[in-house]
Amino acid sequence: MAQEARALLSVVLSRDGVWSVNERGPSRVSVAYFPSKWGAMRHAVRVAKAKRRCRVAVLERGGEVRLARDYDNDSAGVETP
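Residues numbered from 1 in each chain as written. Predicted model: local features only at pLDDT ≥ 70, side-chain atom pairs only at ≥ 80, totals over all residues. Heavy atoms only, no water.

**Looking at the pattern of salt bridges**
Link 1 in the chain: By the definition in use, this model includes seven salt bridges.
Link 2 in the chain: One salt bridge in this structure joins K51 and E23, with 3.0 Å as the shortest N-O distance. Placement of the pair is K51 in the loop between α1 (37-50) and β4 (53-59) and E23 in strand β2 (residues 19-24), with a sequence separation of 28 residues.
Link 3 in the chain: A relative accessible area of 24% means that K51 is categorised as partly exposed. (Salt bridge = Lys/Arg side-chain N within 4 Å of Asp/Glu carboxyl O. Helix = DSSP H or I, 4+ residues; strand = E, 2+ residues; numbered from the N terminus. Buried < 20%, exposed > 50% of the residue type's maximum accessible area, 1.4 Å probe, protein only.)

**Digging into the sheet that holds strand β5 (residues 65-72)**
Link 1 in the chain: Taken in spatial order, the five strands line up as β3-β2-β1-β4-β5 in an open sheet, and their pairing is mixed. Taken across any chain shown, the strands that pair with only one partner, and hence form the sheet edges, are β3 (29-34) and β5. On average, each strand axis in the sheet is tilted by 15 degrees relative to the strand beside it, whichever way the strands run.
Link 2 in the chain: Sheet topology note: the strand β1 (residues 7-13)/β4 ladder contains five bridges and is parallel. Residue pairing in the sheet places S10 in a bridge with A57 of β4. (Pairing = 2+ DSSP bridges. Axes fitted to C-alpha atoms, helices over the stretch in contact; angles between N-to-C directions.)

**Regarding the nonpolar core**
The nonpolar side chains of a soluble globular protein tend to be buried, and buried together.
Link 1 in the chain: Within the largest apolar cluster, 14 residues are counted, with the highest numbers of intra-cluster contacts made by L9, V11, V21, A40, A48 and V56.
Link 2 in the chain: Mapped by element, the contributors of at least two residues to this core are β1, β2, α1 and β4.
Link 3 in the chain: Looking at which element gives the most residues to this core, the answer is α1, with four residues.
Link 4 in the chain: Leave out the neighbours within four places in its chain, and V11 touches W19, S20, V21, A40, M41, A44, V56, A57, V58 and L59. (Core = buried A, V, L, I, M, F, W, Y, C linked by side-chain atoms within 4.5 Å. Contact = heavy atoms within 4.5 Å.)

Have a look at this one:
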């Protein structure tokens, strides 16, 4: 059985101080902007929990992964608001 592709959500602080959540998956690419890290992280975790397989990564300014967590949900039928 072939494994389903894992979506990646990266949380990054831009040079102008705005937090962004970048989603890259097999069928979707999107970006959302937030004034606070808390808002960006809350959005990323909410989206990750709604997907079947997803990875959330917090990136440093240079692009290195500071923190990462994989979400493997069996019941991913919930949609994010």
